[in-house]
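One-letter residues, chain by chain:
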Amino acid sequence: MPGGDAELSETHEEAVLSRVAARAAQGDAAALDELIESLDRSRTVHRMVGSMLLDQHAVDDVSQEVLISIIGSIGQYRGVGKVSSWVHPIVKRRVADHLRKQRDSTALDEAALPAQRISSMVASRAAIRTAVAQLPEKYQAPLILRDLEQLPVAEIAARLDLPEGTVKAQISRGRAKLEKILGVVD
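How each quantity is defined
- Think of each chain on its own: its residues are numbered from 1, step by step along the sequence as written.
- It should be noted that, the model being predicted, local features are given only for residues of pLDDT at least 70 and side-chain atom pairs only at 80 or more, the latter also being counted only at that level, while totals for whole chains, interfaces and linings use all residues.
- To obtain the side-chain values, all non-hydrogen atoms of the structure were included, while hydrogens and water were left out.
- Numbering of helices and strands runs from the N terminus, with a helix taken as a DSSP run of H or I at least four residues long and a strand as a DSSP run of E at least two residues long.
- Partly exposed describes any residue whose relative accessible area lies between the buried limit of under 20% and the exposed limit of over 50%, with all areas from a 1.4 Å probe on protein chains only and scaled to the type maximum.
- In what follows, a contact means two residues having at least one pair of non-hydrogen atoms within 4.5 Å.
- All accessible-area figures derive from a Shrake-Rupley calculation using a 1.4 Å probe, and residue coverage is judged against the displayed protein chains alone.
- Think of each axis as a best-fit line through the C-alpha atoms, taken over the contacting stretch in the case of a helix, with angles from 0 to 180 degrees between the N-to-C directions.
- Note that the term roughly parallel is reserved for angles under 35 degrees, roughly antiparallel for angles over 145, roughly perpendicular for angles of 65 to 115, and oblique for everything else.
- Ten residue types, Ala, Val, Leu, Ile, Met, Phe, Trp, Tyr, Cys and Pro, are classed as nonpolar, four, Asp, Glu, Lys and Arg, as charged, and the remainder, Gly among them, as polar.
- A residue counts toward a patch only above 30% relative accessible area and without a salt bridge, and it is joined to like-charged neighbours within 9 Å or, for Val, Leu, Ile, Met, Phe, Trp and Tyr, to nonpolar neighbours within 5 Å.
- A pair is scored as a salt bridge if a Lys or Arg side-chain nitrogen falls within 4 Å of a carboxyl oxygen belonging to Asp or Glu.
- When charges are tallied, Lys and Arg are placed among the positive residues and Asp and Glu among the negative ones, while His and the ends of the chain are skipped.
- Charged groups are reduced to one reference atom each: NZ for lysine, CZ for arginine, CG for aspartic acid, CD for glutamic acid.
- What makes a nonpolar core is a set of buried Ala, Val, Leu, Ile, Met, Phe, Trp, Tyr and Cys residues whose side-chain atoms join them at distances within 4.5 Å.
- Handedness of a helix crossing follows the sense of rotation of the near helix relative to the far helix, less than a right angle counterclockwise being left-handed and clockwise being right-handed.
- Two aromatic rings from Phe, Tyr or Trp, using only the six-membered ring of Trp, form a pair when their centres are within 6.5 Å; if the ring planes differ by under 30 degrees the pair is stacked, by over 60 it is edge-to-face, and anything between is tilted.

Would you take a moment to explain the overall build of the protein for this structure?
Broken down by element type, the protein carries 10 helices and 0 strands. For the protein, the α and β elements follow one another from N to C terminus as α-α-α-α-α-α-α-α-α-α. Evaluated residue by residue, the protein yields a buried proportion of 39% over its 186 residues. The long-range share in the protein, meaning contacts at least 24 apart out of those at least 6 apart in sequence, stands at 60%. With an accessible surface of roughly 10,700 Å², the protein has 52% of that area assigned to carbon and sulfur atoms.

In this structure, what is going on with unusual backbone geometry? I would like to understand it.
What is expected of a backbone is that most residues other than glycine have negative phi and most peptide bonds are trans. The backbone phi angle of Arg 43 is positive, close to 65°, even though this residue is not glycine. On the accessibility criterion, Arg 43 (43% relative accessible area) is partly exposed. Located in the positive-phi region is Asp 161, a residue other than glycine, with phi close to 55°. Note on Asp 161: relative accessible area 70%, which makes it exposed.

Even after reading the chapter, I still don't get the packing of helix α9 (residues 153-160) against helix α10 (residues 164-182), so can you show me in this structure?
When two helices pack together, their arrangement is captured by the angle between the axes and the distance separating the axes. Running from amino to carboxyl end, α9 crosses α10 at an angle of 105°, the nearest separation of the two axes being 9 Å. Classified by the angle between their axes, α9 and α10 sit roughly perpendicular to one another. Contact with α9, carried on its side by Val 153, Ala 154, Ile 156 and Ala 157, involves Glu 164, Val 167, Lys 168 and Ile 171 of α10 and no other residues of that element. Tallied by class, the residues present in the contact of α9 with α10 amount to 6 nonpolar, no polar and 2 charged.

How should I be thinking about a positive patch on the surface in this particular structure?
On the surface, Lys 138, Arg 173, Lys 177 and Lys 180 cluster together to form a positively charged patch. When residues in the positive patch are grouped by element, the largest group, 3 residues, is from α10. The topology assignment puts Lys 177 in helix α10.

When you look at the nonpolar core in this model, what are you seeing that I'm missing?
Among soluble globular proteins, nonpolar side chains are generally buried collectively. Counting 29 residues, the largest nonpolar core has Leu 35, Val 49, Val 66, Ile 70 and Val 87 as the members making the most contacts within it. Counting residues per element, the ones that place at least two in this core are α1 (4-25), α2 (29-42), α3 (44-50), α4 (56-73) and α5 (83-105). Broken down by element, the residue count for this core peaks at 7 residues, all from α5. In contact with Val 49, not counting residues within four places along its chain, are Val 59, Val 62, Ser 63, Val 66, Val 91 and Val 95. Of all hydrophobic cores here, the second largest spans 15 residues; its members include Ala 131, Leu 143, Ala 157 and Leu 182.

What is the right way to read the packing of helix α8 (residues 137-148) against α9 from this model?
Running from N to C, α8 and α9 cross one another at 145°; their axes reach a closest spacing of 10 Å. Note that α8 runs across α9; the crossing there is right-handed. Together, Ala 141, Pro 142, Leu 145 and Arg 146 of α8 and Val 153, Ile 156, Arg 159 and Leu 160 of α9 make up the contact between the two elements.

Could you clarify how one ought to interpret the environment of Leu 67 in this entry?
Take Leu 67: it is sitting in helix α4. On a C-alpha basis, the gap between Leu 67 and Ile 36 in space is 6.6 Å, while along the polypeptide they are 31 residues apart. Among all residues touching Leu 67, those that are not within four sequence positions of it are Ile 36, Leu 39, Asp 40 and Val 45.

Explain the packing of aromatic side chains to me, please; I cannot follow it from the model alone.
Think of a pair of aromatic rings as described by two things: how far the centres are apart, and how the planes are tilted against each other in angle. Inspection of every chain in the model, using the stated rule, returns 1 aromatic pair. When the centroid spacing of 5.4 Å and the interplanar angle of 75° are considered together, the rings of Tyr 77 and Trp 86 count as edge-to-face. For Trp 86, a relative accessible area of 17% puts it in the buried group.

Printed below as a string of structure tokens:
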């Protein structure tokens, strides 16, 4: 059967990784080094972070932060399930931290950030599409037009036949709701 060997190999690798992580959790420094090297070499963490961020430089930086966090929290690994399942929440927290820092350091002047809030800060395009579809309808069009199509607020207001203040409020509220859906805000 096609792919059978790959699936078997992946399952074997995950089992080996779980044993190494369990030894690392018990204080085995060599096992911890092996775990971190394996996660780095396989680019597992990098792929996870890359599925949540668009900026490649940020992906590299956050991936390193995740590996550091794994070192600091390996004692909490209980050996239940896949190592990647244990790593995933760590990835989400580091991505959220990165996005929060970026958001906090970016001026909130609409003219200064044409679409940075979503196009360069938030998760993958597929996650964005799914999350936008979950928003109340009144927030969907303003967000899509502003953050994805990068139209000015005045043009969005004209297209939607709404006052500019209403459009700005819908964009702001929509972004906040979108961040919650994507798990960016605690």
